[in-house]
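Chain residues, written in single-letter form:
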Amino acid sequence: MEAKTLVLALFLLLLLSQSSAFPSRKPRVHKPCKRLVFYFHDVIYNGRNSKNATAAIVGAPAWGNRTLLANQNHFGDLVVFDDPITLDNNLHSAPVGRAQGIYVYDKKEIFTAWLGFSFVFNSTEHKGSINFAGADPLMNKTRDVSVIGGTGDFFMARGIATLMTDAFEGEVYFRLRVDIRLYECW
Amino acid sequence: MEAKTLVLALFLLLLLSQSSAFPSRKPRVHKPCKRLVFYFHDVIYNGRNSKNATAAIVGAPAWGNRTLLANQNHFGDLVVFDDPITLDNNLHSAPVGRAQGIYVYDKKEIFTAWLGFSFVFNSTEHKGSINFAGADPLMNKTRDVSVIGGTGDFFMARGIATLMTDAFEGEVYFRLRVDIRLYECW
Amino acid sequence: MEAKTLVLALFLLLLLSQSSAFPSRKPRVHKPCKRLVFYFHDVIYNGRNSKNATAAIVGAPAWGNRTLLANQNHFGDLVVFDDPITLDNNLHSAPVGRAQGIYVYDKKEIFTAWLGFSFVFNSTEHKGSINFAGADPLMNKTRDVSVIGGTGDFFMARGIATLMTDAFEGEVYFRLRVDIRLYECW
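Residues numbered from 1 in each chain as written. Chains lettered and ligands numbered in written order. Predicted model: local features only at pLDDT ≥ 70, side-chain atom pairs only at ≥ 80, totals over all residues. Heavy atoms only, no water.

- As recorded by an unreviewed UniProt entry, chain A carries the name Dirigent protein and is attributed to Salix purpurea.
- Under the heading Function (unreviewed entry), UniProt records this for chain A: "Dirigent proteins impart stereoselectivity on the phenoxy radical-coupling reaction, yielding optically active lignans from two molecules of coniferyl alcohol in the biosynthesis of lignans, flavonolignans, and alkaloids and thus plays a central role in plant secondary metabolism."
- What the UniProt record of chain A gives under Subcellular location (unreviewed entry) is the line "Secreted, Extracellular space, Apoplast". (UniProt positions renumbered as here; feature names shortened; annotations may be inferred.)

Have a look at this one:
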C-alpha cells in the first residue's frame, strides 16, 4: 500500500469520525443536534390565588414567610412549581407539557435564582423528560443553564438551555422563554 | 489498494469504534455498559416515629406543616431523606449503601415528585456515589430519571434509572426498586 | 494489501483516536482536560449576623427552626447560599465569582450533606458557570461531587470536584477548598 492510499484511508476515517456512527459531539463547531423552543408560565401562590397558582413558596428565611416573597430580593425563598409549557407566549394556549421542580432565590443584593427542574412531555409530539440545573441571574436578558440529562425521546440528552424572561406581572406571574440546544443526542 | 481492501479497512474501523479504545457510547443499540438493581426504603417522620424515620418534611406550602403531608396531593412538601439501600425488597436486609437527598411533591392534581439525590456506597462491593435528578410521576408503574454523574467506582457515569414503587404503607413508608442502566462508563 | 500494512493502518487509527479530532475523553488514563482550584466561604445566618451572612436556613424539620441548626447533626436543615469564591483561603481576598445554590444536612447520626449548586463567574479570567451535584459526607477529609454541566467558558463541561473542609468556626463559618477536574472539555 502506498503512502497515498494510507492518506486516503485516514481521510475517510476523519470523515467517518464526524458521521453518525460516532458520538454526535463536535468539539469545535458546537452545532446543536436538536433545538427546541418553549415557554413556561409560573403563577406564584400569594394567599389569594390558590385556584390559579402553579407554584408555592415552601421554604423561606427566618425573616420571611410562605405567602409573600421575602425582603432582600427574596433571598432564601424556595419555590416548588408545576408550570404549563406552551409553544407560544400565551398562558392560555394548550399546554404541551409541564415544567416541574424547584427554584430558590439566592442573592440579597439583586435577583438571582438557582434552578433544578424537568420538562415532562407526554404527547404525540414528545414523550419523555429533559432535566435541567443551573444558576439563573434573572436580571440578565439571557442566561444559560445546563441540560443534565433526558429520558424517553430525550434519552441521555445533554446541552444548554437559554432562559429569557418574556414577561412578568408584579410578584405573581412570570413567563420564561426557553431555547434548548442539545449537543449530545443519542 | 482495491475497493475491497478499503471496504475491509473501514469494516475493521467500525468494529474498533465499538471497542473499548473508544468511548463506550453506542448511539444506536443503547446497550448499557453497566446495570445495577437496588431497593431503597423511605420512612417519613410523622411526629410519632422519630426513632425509625429516615426522612422528614422540611419545607411545606403555607397550607401545610412538617408532620403531616399536605392536602392537594402533598403539593409543595419538600422531604430530606437518608434511606437504606438493600439488594432485595426486605427493609431489614443489611444495607449496602444510603440513598440521600431531597424530593418535592410538585403537582396538585395527582402525585408527582421531583428528585435530586445520590446513592452512596462504601463497601467492599462498591465504593463511590451515583448522582440522580429528574421527574418522578409516581402513579406510573415505571418512570425514568437521569444518572447525571458518579464518583469512585462510578466515575463519570451517565445513564438512566428506572424507578418502580415496590410497596407502600399509607403515608409513612414506601419502597422503590431502582434499575440503573449506565450508558457511559469510564 | 498485506497484513503488515493493515496493522500499520490500525496503529495509526489508534493514535488518531487519542487526538483532538475525537472527544477528549480518555477512558483509561483519566487525565483531566482542565483543572481549577478555588475556595468558597459560607457564613450562616444565626439571627445576629444578618450583615455578613452569605447563607440562610430556609427549611428545617419539625423539631428545628431557621436561626439555629437542628439537633441530630442538623438533619433536615436546608440552606440557601451565595458564597464568595476566592483563589486563596482568605475570606477577605477579592472574590472571583459566587457559589450559589442549596445544601441539605441529610443524616441523623453524623454530618453529611447533599449539594446542588453552581459556580458563577463574570470576570476577565472566567465567564460562565459550572454546575455541581452530589453527596458530601463532610466528616471525610476529601469527598467527590459531580460536575454535571457548564456554560460559557465551561460549555458542556463534565468532571469531578473534590471538596475539602479547609476551616470552620463553630456553626457559623466554613470554608471549602474545591479542586475541579474536568474530563470532558469542549
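**Concerning the overall build of chain A**
Okay, so step 1: Each helix and strand in chain A was counted, giving 1 helix and 9 strands.
Okay, so step 2: Order of helices (α) and strands (β) in chain A, N terminus to C terminus: α-β-β-β-β-β-β-β-β-β.
Okay, so step 3: Taken across its 186 residues, chain A has 56% of its residues classed as buried.
Okay, so step 4: In chain A, the proportion of contacts linking residues at least 24 apart, taken out of those at least 6 apart, comes to 46%.
Okay, so step 5: By element, 55% of the accessible surface of chain A is carried by carbon and sulfur atoms, the whole surface being about 7700 Å². (Helix = DSSP H or I, 4+ residues; strand = E, 2+ residues; numbered from the N terminus. Buried < 20%, exposed > 50% of the residue type's maximum accessible area, 1.4 Å probe, protein only. Contact = heavy atoms within 4.5 Å. Areas by Shrake-Rupley, 256 points an atom, 1.4 Å probe, with all protein chains shown as cover.)

**Describing the packing of aromatic side chains**
Okay, so step 1: A full pass over the atoms with the stated rule returns 60 aromatic pairs over all chains.
Okay, so step 2: Its guanidinium or amino end placed over the ring of Phe75(A), Lys108(A) lies 6.0 Å from that ring's centre, counting from NZ or CZ. (Phe/Tyr/Trp six-rings, centres within 6.5 Å; stacked < 30°, edge-to-face > 60°. Lys NZ or Arg CZ within 6 Å of the ring centre and 35° of its normal.)

**A few points about the pairing of strand E8 (residues 158–169) of chain B**
Successive residues of a regular strand alternate their side chains across the two faces of the sheet.
Residue and element names in this part refer to chain B.
Okay, so step 1: Pairing geometry for strand E7 (residues 142–152) and E8, over 6 bridges, is antiparallel. Each residue of the ladder has a partner; that of Val147, found in E8, is Gly159.
Okay, so step 2: Two successive antiparallel strands, E7 and E8, enclose a turn made up of 5 residues, where Met156 displays a positive phi of approximately 65 degrees.
Okay, so step 3: Sheet analysis places E8 next to strand E9 (residues 173–184), joined by 11 bridges and oriented antiparallel. Within the sheet, the bridge partner assigned to Arg158 lies in E9 and is Glu184.
Okay, so step 4: The hairpin formed by E8 and E9 contains 3 residues between the paired strands, and Gly170 there has a positive phi angle of roughly 50 degrees. (Pairing = 2+ DSSP bridges.)

**Structural notes on the pattern of salt bridges**
Okay, so step 1: Within this structure, the stated rule accounts for 30 salt bridges over all chains.
Okay, so step 2: With its nearest N and O atoms 3.3 Å apart, the salt bridge here joins Arg158(A) to Glu184(A). Placement of the pair is Arg158(A) in strand E8 (residues 158–169) and Glu184(A) in strand E9 (residues 173–184), with a sequence separation of 26 residues. The pair Arg158(A) / Glu184(A) is uniform in exposure class, with both members buried.
Okay, so step 3: In this structure, Asp166(B) engages Arg175(B) in a salt bridge whose closest nitrogen and oxygen atoms are separated by 2.7 Å.
Okay, so step 4: Among the residues examined, Asp166(B) registers a relative accessible area of 25% and is labelled partly exposed.
Okay, so step 5: Note on Arg175(B): relative accessible area 13%, which makes it buried. (Salt bridge = Lys/Arg side-chain N within 4 Å of Asp/Glu carboxyl O.)

**Focus: the environment of Lys107(B)**
Okay, so step 1: As for its placement among the helices and strands, Lys107(B) is situated in the loop between strand E4 (97–105) and strand E5 (113–122).
Okay, so step 2: The class of Lys107(B) is buried, set by a relative accessible area of 14%.
Okay, so step 3: When the C-alpha atoms of Lys107(B) and Gln72(B) are compared, they prove to be 7.8 Å apart, with 35 residues separating the residues in sequence.
Okay, so step 4: Apart from the residues lying within four places of it in its own chain, the contact partners of Lys107(B) are Asp82(A), Arg98(A), Gln100(A), Gln72(B), Asn73(B), Phe75(B) and Thr112(B).

**Structural notes on the pairing of strand E3 (residues 78–86) of chain A**
Residues and elements named next belong to chain A.
Okay, so step 1: With 9 of 9 residues buried, E3 is to be regarded as a mostly interior element.
Okay, so step 2: Both strand E1 (residues 34–43) and E3 contribute to a ladder of 2 bridges, which runs antiparallel. In the sheet register, Phe40 faces E3, and the bridge partner there is Ile85.
Okay, so step 3: The pairing of strand E2 (residues 55–59) with E3 spans 4 bridges and is classified as antiparallel. The residue of E3 that forms the bridge with Gly59 is Leu78.

**As for unusual backbone geometry**
Residue and element names in this part refer to chain B.
Okay, so step 1: With a phi close to 55 degrees, His30 is a non-glycine residue in the positive phi region.
Okay, so step 2: Within the secondary structure, His30 sits in the loop between helix H1 (3–18) and strand E1 (34–43).
Okay, so step 3: With a relative accessible area of 26%, His30 lands in the partly exposed category.
Okay, so step 4: Although it is not a glycine, Met156 adopts a positive phi angle of roughly 65 degrees.
Okay, so step 5: Mapped onto the secondary structure, Met156 falls in the loop between E7 and E8.

**Side note on the side chain of Asp179(A)**
Okay, so step 1: Among the structural elements, Asp179(A) can be located in strand E9.
Okay, so step 2: Dropping the residues within four chain positions of it, Asp179(A) is found in contact with Arg35(A), Leu36(A), Val37(A), Ile160(A), Ala161(A) and Thr162(A).

**A word on the environment of Asn140(B)**
Okay, so step 1: Here Asn140(B) shows up in the loop between strand E6 (127–136) and E7.
Okay, so step 2: A C-alpha to C-alpha distance of 31 Å links Asn140(B) and Phe155(B), two positions 15 residues apart in sequence.

**Looking at the confidence of the model for chain A**
Okay, so step 1: When pLDDT is averaged across chain A, the result is 91; 85% of the residues are at 70 or more.
Okay, so step 2: Within the model, the stretch residues 18–27 of chain A combines pLDDT values under 50 with 28 contacts to residues more than four positions away or in other chains. (pLDDT = per-residue confidence, 0-100.)

**Points about the side chain of Asp106(B)**
Okay, so step 1: Within the secondary structure layout, Asp106(B) lies in the loop between E4 and E5.
Okay, so step 2: Here Asp106(B) occupies a buried position and makes no salt bridge, while the nearest side chain of opposite charge, Lys107(B), is found at 7.5 Å.
Okay, so step 3: In terms of polar contacts, Asp106(B) uses its side chain to reach the side chain of Thr112(B), at 2.5 Å.
Okay, so step 4: Contact partners of Asp106(B), with chain neighbours within four places excluded, come to Val80(A), Phe81(A), Asp82(A), Gln100(A), Gly101(A), Phe75(B), Thr112(B), Ala113(B) and Trp114(B). (Lys, Arg positive; Asp, Glu negative; His and termini not counted. Polar contact = N/O pair within 3.5 Å; in protein donor to acceptor, adjacent residues only side chain to side chain.)

**Some thoughts on the environment of Gly101(C)**
Okay, so step 1: Residue placement: Gly101(C) occurs in strand E4 (residues 97–105).
Okay, so step 2: In this structure the C-alpha to C-alpha distance between Gly101(C) and Asp83(C), which are 18 residues apart in sequence, comes to 9.1 Å.
Okay, so step 3: Among residues more than four places away in sequence, those in contact with Gly101(C) are Asp106(A), Trp114(A), Val79(C), Val80(C), Phe81(C), Gly116(C) and Phe117(C).

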